[in-house]
Amino acid sequence: MVDFQNIYLLFGIKFSGEQLLASILQQNPKIDFKYNSTSFSKYISLLQNQKKINISDLPAFTEGVFNLPEKKDSQIIIDHCFGWGNTDVTDHLLRNVSNNFKFIAVLGNPVHSAAFIVKNYKSANIDLQTFLNTSEQIRELKLSYVFAKKAYEKYSNIFVFDFKNSLTELKDVVKKISSFCGSENFDYDYSILDFVEDLNAEEILGEFYDDFDKLIFWDAEQEKLKPEKDLDKQLRLAIHGDFEESRKLVDKIEKEKPNNHRAAFNRGWFKMADGELFQGQLLLDRGRLEGIFGNELPRTTKPIWDGESKGKVLYILEGGFGDQIHAIRYINKVHDICGDVLISCGKELIPFLAANGHKNLIAHEAIDYSYFDYWMPSMSTITVFDYEYKNIIGEPYIKKLPKSKKIKRRIGLKWSGNPEFEHEQHRKFPAQLLFDAVKDFDVEYVSLQRDEEKDLKPEWVKSVKLNEWTDTQYEISQCDLVVSSCTSVAHLAASMGVETWIIIPVLPYYLWALPGEKTPYYDSVTLFRQTKYGDWTEPFDKLTKKLKTWI
């Protein structure tokens, strides 16, 4: 059995020099370079059919997938695929096959990759913005950046090759990689460098340069040298509650770069805060083109539903679980108009939605195998139906289950959300503030915190079964009040009509953009707003005072 000791997984940000590196390393006869990465696609197929394969058989199966020789001697095997940065896949490999795999990551500022793609793939008869929004190469570039960042943060046994060194220091980099891999010295031919073109990314990308100038997460010193861009400053000001200056700056960006979808997305929040729901949503929708709003678009030629046509509509519940629970509110209207609806959602929600009377449910992964005439992204329902705030109905739309007569007055507590949410650090408050704000009242407290930070629960807060969403629905039904950060539990409680108090940051989620402590989306919700960035004292003081009245 192969011990996988000398197998290295090469991934990185697409078009950041990994092929240049590969062309050098594969000269070494001691390195078996799997350049087409057929092993990766086979392994993905394995994962999709893992129920047919015993865990104990995975090492042998993987050995076959990689076509590994029985006697490697000093041979090094490098498999090249940006998908190895996908931690969901690679974790499975490390956990069930071998933890001996090591990683080589080729990283570089995506602006250079984007410029290379435009220079080599864009045809003359397509404008730059359209190409950037539709190119499969650009899509893979963005995806590879996300993969690489997660992998870099998660794996320690990794060698990082920075593209900025590719032209000036490649020989030194190759030596370091050889040392990392434990290979013998080899006289490489570097003449290929004579054919490498140094591109001017700013000139090629023009006004879209900033869209690809991402965080250089692998080099803090290099990142510090980058000047703060107007859009980054605008977001920083908004996060810290300086809305006046933030608005001025985003309006300035609009005039200078009207095609900047990220700036348009940020303006959408201000429109909603001003009471212009439809116009705000139109701007938020432009964030889809940059991958910062909604889900990845389905691979289909079928049109987006116009809100009027008859036929089967694929209604895609987007975003996190809270977003999906929020968007199911519109499903009856969609069905009443089109006559036939197929609902796509996170697979974890299927039993819960089925238990609440919804039919024709599929997991997002099954979209490619499903028939439909139109599709509709749920986070854009507002624009499809031309809704304004006055059209939103805040009544419950998910059933509240009967409450046990044995249960006294009960408050459910939820103190943190998904740690992978982009701005979790801004909505996150110290859990102890919540506990101090609500304790010592004559009620029963239960924890609605399922995974992350559940161990922070004080002794006086009762644990309940939360294995499935149906369990959470039952436990919320037993509550007279739910107090939560901006999480999926808050949306579920509110959608059931249970009184729900939500603690939100200075720059809240777009659903809470409209000022005030009430929201048109849920009649049973009260919002407790942070007013000073970094200081959660005020919302919790208000919460304690209101709780005394509520009790």
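Definitions and limits used
Per chain, residues are indexed from 1 in the order of the written sequence. For a predicted model such as this one, the threshold for reporting local features is a pLDDT of at least 70, and the threshold for listing and counting side-chain atom pairs is 80 or more; totals across whole chains, interfaces and linings nevertheless cover every residue. For the side-chain quantities, the full set of heavy atoms in the structure was used; hydrogens and water were omitted. In this analysis the probe radius is 1.4 Å and the grid spacing 1 Å, with only protein atoms considered; a cavity is a set of points the probe fits into but cannot get out of, a pocket is an open set with protein on both sides within 12 Å along at least five of seven lines, and lining residues have an atom within 4 Å of a point. Grid points are joined across faces, edges and corners, and a volume is the space filled by probe spheres set on the points. Every helix listed is a DSSP run of H or I at least four residues long, and every strand listed is a run of E at least two residues long, numbered separately from the N terminus. Residues adjacent in sequence count toward polar contacts only when both atoms are side-chain atoms; beyond that, a polar contact is any pair of N or O atoms within 3.5 Å, and within protein one must be able to donate a hydrogen and the other to accept it. Contact criterion: two residues are considered in contact whenever any of their non-hydrogen atoms come within 4.5 Å of each other. Note on exposure labels: buried denotes an accessible area under 20% of the residue type's maximum, exposed denotes more than 50%, and partly exposed covers the range between, all computed with a 1.4 Å probe on protein chains only. Under the convention adopted here, Pro, Cys and the residues Ala, Val, Leu, Ile, Met, Phe, Trp and Tyr are nonpolar, Asp, Glu, Lys and Arg are charged, and Gly plus all remaining residues are polar.

Engineer: Summarise empty space enclosed by the protein; cite the residues concerned and give the values.
Structural biologist: Remark: the empty space left among the atoms is shown by a probe the size of a water molecule rolled over them. Applying the stated criterion across every chain, the model contains 2 cavities of 30 Å³ or more. Here the largest cavity defines a volume of roughly 90 Å³. Around the largest cavity, the lining residues are Gln281, Asp323, His326, Ala327, Tyr330, Ser378, Met379, Thr381, Ile382, Tyr510 and Leu511. Only α16 (321-327) and α19 (381-384) provide two or more residues apiece to the lining of the largest cavity. In terms of residue count, the dominant contributor to the lining of the largest cavity is α16 (3 residues).

Engineer: Please set out the side chain of threonine 90 residue by residue, giving values where relevant.
Structural biologist: With respect to the helices, strands and loops of the structure, threonine 90 is situated in helix α4 (residues 87-96). From its side chain, threonine 90 meets the backbone oxygen of tryptophan 84 in a polar contact 2.6 Å long. When neighbours within four sequence positions are excluded, threonine 90 is seen to be in contact with Leu9, Trp84, Phe103 and Tyr155.

Engineer: Could you give me a rundown of helix α1 (residues 18-25), with the residues and numbers involved?
Structural biologist: Of all 8 residues making up α1, 7 are buried, and the element is well covered by its neighbours. For α1, the complete set of buried residues consists of Glu18, Leu20, Leu21, Ala22, Ser23, Ile24 and Leu25.

Engineer: Let's hear about the layout of surface pockets: which residues, and what values?
Structural biologist: In this model, the second largest pocket occupies a volume close to 770 Å³. Lining of the second largest pocket is provided by 32 residues; of these, Phe15, Phe116, Phe163, Val196 and Glu197 occupy positions nearest its centre. Within the residue set of the lining of the second largest pocket, elements represented by two or more residues are α1 and α5 (110-121). Element by element, the count of residues in the lining of the second largest pocket is highest for α5, at 5 residues. Considered class by class, the residues forming the lining of the second largest pocket number 13 nonpolar, 10 polar and 9 charged.

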